Amino acid sequence: MEKQIRRIGILTSGGDAPGMNAVVRSVVRTASAYGITCVGIRRGYSGLIKGDVVDLGARSVDGIIARGGTMLYTARCLEMLTEEGLHQAADNAHYMGLDGLVVCGGDGSFRGAQALSRLGVPAIGIPGTIDNDIVCSDYTIGFDTACNTAIDAIDHLRDTMQSHERCSVVEVMGRRAGHLALEVGVGCGATAILLPEREIDFDSMIVDKMKANRIRGRKHHIIIVAEGVGHAQDVADRIHAATGIDTRVTVLGHIQRGGSPTVRDRVMATRMGYHAVRILMEGASNRVVCSHNNEIMDYDIEEGLAMTKDLSQELYEVSQTVAI
Ligand code: ATP
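Worth saying up front: this structure is predicted, and the values here are computed from it rather than measured.

Enquirer: Hey, could you run me through the packing of aromatic side chains in this one?
Expert: We describe a pair of aromatic rings using the distance from one ring centre to the other and the angle between the two ring planes. For the coordinates displayed, the defined rule picks out 1 aromatic pair. Pairing Tyr139 with Phe143 gives two aromatic rings, centres 6.0 Å apart and planes at 80°, and the pair type is edge-to-face. Here Tyr139 and Phe143 have matching classes, each one buried. We note Arg43 situated over the ring of Tyr73; from NZ or CZ to the ring centre the distance is 4.6 Å. The side chain of Arg238 reaches across the aromatic face of Phe202, ending 3.8 Å from its centre.

Enquirer: Teacher, can you tell me more about the pairing of strand β4 (residues 100-105) here?
Expert: Successive side chains on a regular strand alternate, one facing one side of the sheet and the next facing the other. The buried fraction of β4 is high, at 6 of 6 residues. Burial along β4 is two-sided: the residues Gly100, Val102 and Cys104 and Leu101, Val103 and Gly105 are all buried. Where strand β1 (residues 7-12) lies against β4, 5 bridges are found, and the strand directions are parallel. Bridge pairing links Leu11 to Val103 in β4.

Enquirer: What is the right way to look at the pattern of salt bridges in this model?
Expert: When the charged atoms of two side chains lie near each other, side chains of opposite charge can form a pair. Taken as a whole, this structure holds 14 salt bridges when the rule is applied. Across the pair Asp62 and Arg59 runs a salt bridge, and its minimum N-O distance is 2.8 Å. Judged by its relative accessible area of 59%, Arg59 is exposed. The salt bridge involving Arg175 is made with Asp133; its shortest N-O contact spans 2.9 Å. With Arg175 in the loop between β6 (167-172) and α6 (179-187) and Asp133 in the loop between β5 (123-127) and α5 (143-164), the pair connects residues that are 42 residues apart, well separated along the chain. Using a relative accessible area of 18% as the deciding quantity, one classes Asp133 as buried.

Enquirer: Help me understand the pairing of strand β8 (residues 221-226), please; the structure alone is not making it clear to me.
Expert: The element β8 is largely enclosed, with a buried count of 6 among its 6 residues. Alternating residues of β8 divide into His221, Ile223 and Val225 and Ile222, Ile224 and Ala226, and every residue in both groups is buried. Across 6 bridges, β6 lies against β8 in parallel orientation. Bridge pairing in β8 places Val172 opposite Ala226. Bridge count for strand β7 (residues 192-194) against β8 is 3 bridges, and the pairing is parallel. Within β8, the residue paired with Ala192 across the bridge is Ile223. Between the parallel pair β7 and β8, the chain is carried across by helix α7 (residues 202-215), and the sense of this crossover is right-handed.

Enquirer: Even after reading the chapter, I still don't get the state of the cysteines, so can you show me in this structure?
Expert: Any covalent bond linking the sulfur atoms of two cysteines counts as a disulfide. In this structure the tally under the stated criterion is 0 disulfides. Cys136 forms no disulfide, and the closest cysteine sulfur to it belongs to Cys290, at a distance of 4.8 Å. Here Cys136 falls in the buried class, since its relative accessible area comes to 0%. The thiol sulfur of Cys147 is not disulfide-bonded, and the nearest other cysteine sulfur, from Cys188, lies at 11 Å. On the accessibility criterion, Cys147 (7% relative accessible area) is buried.

Enquirer: When you look at the site of the ligand in this model, what are you seeing that I'm missing?
Expert: Taken together, 15 residues sit near the ligand, with Gly15, Arg76, Cys77, Gly106 and Ser109 positioned nearest. Between Ser109 and the ligand, the recorded distance is 2.5 Å, taken from a side-chain N or O atom to an oxygen atom. Bound to the protein, the ligand loses 81% of the 620 Å² it would expose on its own. By residue number, the principal contributor to the shell around the ligand is helix α4 (residues 107-118), which donates 5 residues.

Enquirer: What's the story with the packing of α7 against helix α8 (residues 232-243) in this structure? I'm lost.
Expert: Helix packing for two helices is described by the angle between their axes and how far apart those axes are. Orientation of α7 relative to α8, taken along the N-to-C sense of each, is 55°, at an axis distance of 10 Å. Comparing the axis directions of α7 and α8 gives the class oblique. Once α7 is placed against α8, the crossing between them reads as right-handed. Two secondary-structure elements touch here, α7 through Phe202, Ile206, Val207, Met210 and Lys211 and α8 through Val235, Arg238, Ile239, Ala242 and Thr243. A breakdown of the residues in the contact of α7 with α8 according to their chemical character gives 7 nonpolar, 1 polar and 2 charged.

Analysis parameters
Residues numbered from 1 in each chain as written. Predicted model: local features only at pLDDT ≥ 70, side-chain atom pairs only at ≥ 80, totals over all residues. Heavy atoms only, no water. Phe/Tyr/Trp six-rings, centres within 6.5 Å; stacked < 30°, edge-to-face > 60°. Buried < 20%, exposed > 50% of the residue type's maximum accessible area, 1.4 Å probe, protein only. Lys NZ or Arg CZ within 6 Å of the ring centre and 35° of its normal. Helix = DSSP H or I, 4+ residues; strand = E, 2+ residues; numbered from the N terminus. Pairing = 2+ DSSP bridges. Salt bridge = Lys/Arg side-chain N within 4 Å of Asp/Glu carboxyl O. Right-handed = clockwise from strand over helix to strand, strands pointing away. Disulfide = S-S within 2.5 Å. Near = heavy atom within 4 Å. Polar contact = N/O pair within 3.5 Å; in protein donor to acceptor, adjacent residues only side chain to side chain. Areas by Shrake-Rupley, 256 points an atom, 1.4 Å probe, with all protein chains shown as cover. Axes fitted to C-alpha atoms, helices over the stretch in contact; angles between N-to-C directions. Parallel < 35°, antiparallel > 145°, perpendicular 65-115°, else oblique. Left-handed = near helix turned anticlockwise from the far one by under 90°. Contact = heavy atoms within 4.5 Å. Nonpolar A, V, L, I, M, F, W, Y, C, P; charged D, E, K, R; others polar.

See below:
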């Protein structure tokens, strides 16, 4: 028995990720297809607390599937962490007549969704972060685009590193998780990948490998450092001290968060946005949408955030084996 819902809200929260616009589009279009009106809430939970909203119809989201960033803006809203702010957000949601809320962001944003659900605002989370660090989902929206952006930048670096026979140490994002670094490291053929989840013996796994590779004729090296490991400059200094090889550092930084989303991100965003609206219609609340083996499903937020997810051991071993 489907619940009669008439009006829902959509917001993007936390760090932005390519594909968030595609989520907004999918939620608005799915709602519209079922006769549900949709409001866009600007700047994450701040917009809910301040009542900063815009009506969104099917035509309001034309063309945004191809655009990076988020048309609704995003923010970190400290007021949501206070009882007063949280109640203000819930009161406004009720005042606006919202029968449901879709929140695209990371685990912090899902905590907000959980708190609102407890106050009678049925809220559904969609994982949108380039870090792929949402434990209950194989995949988070923005990850593929960020990997491709990083690979593109590293391909440019490779040209100059090859010409000068240098070592390039590249720091990639990912916060405390190494998923982005591992994927990028394999994709660019890195000599070594430093990840927060894996111990590394610096001498045997980097220095000796670089020296051996030099003897085998490889004159340039790419070392990927996940931001959760520490500063790339420290890694570069150690490499230079141990090998004498001219070593340069590049911190890719926020460039990884921009750009037109890849097909994978557009499709995943569209599927997840559709799923979120469908489960709201079925009366769901306090759920997080996720992907498992390319199937879209959902979990209770508490249950979902309590799960664990490790790096792909298979991919890690592959990366170690082929980097000779
Ligand atoms: P990212 O992965 O990009 O950091 P995130 O969603 O984890 O995204 P946070 O800054 O942790 O980013 O959370 C986003 C917002 O969610 C916060 O600014 C706050 O408004 C809200 N939020 C976070 N934790 C809670 C909580 N425990 N209760 C209510 N709201 C919360």
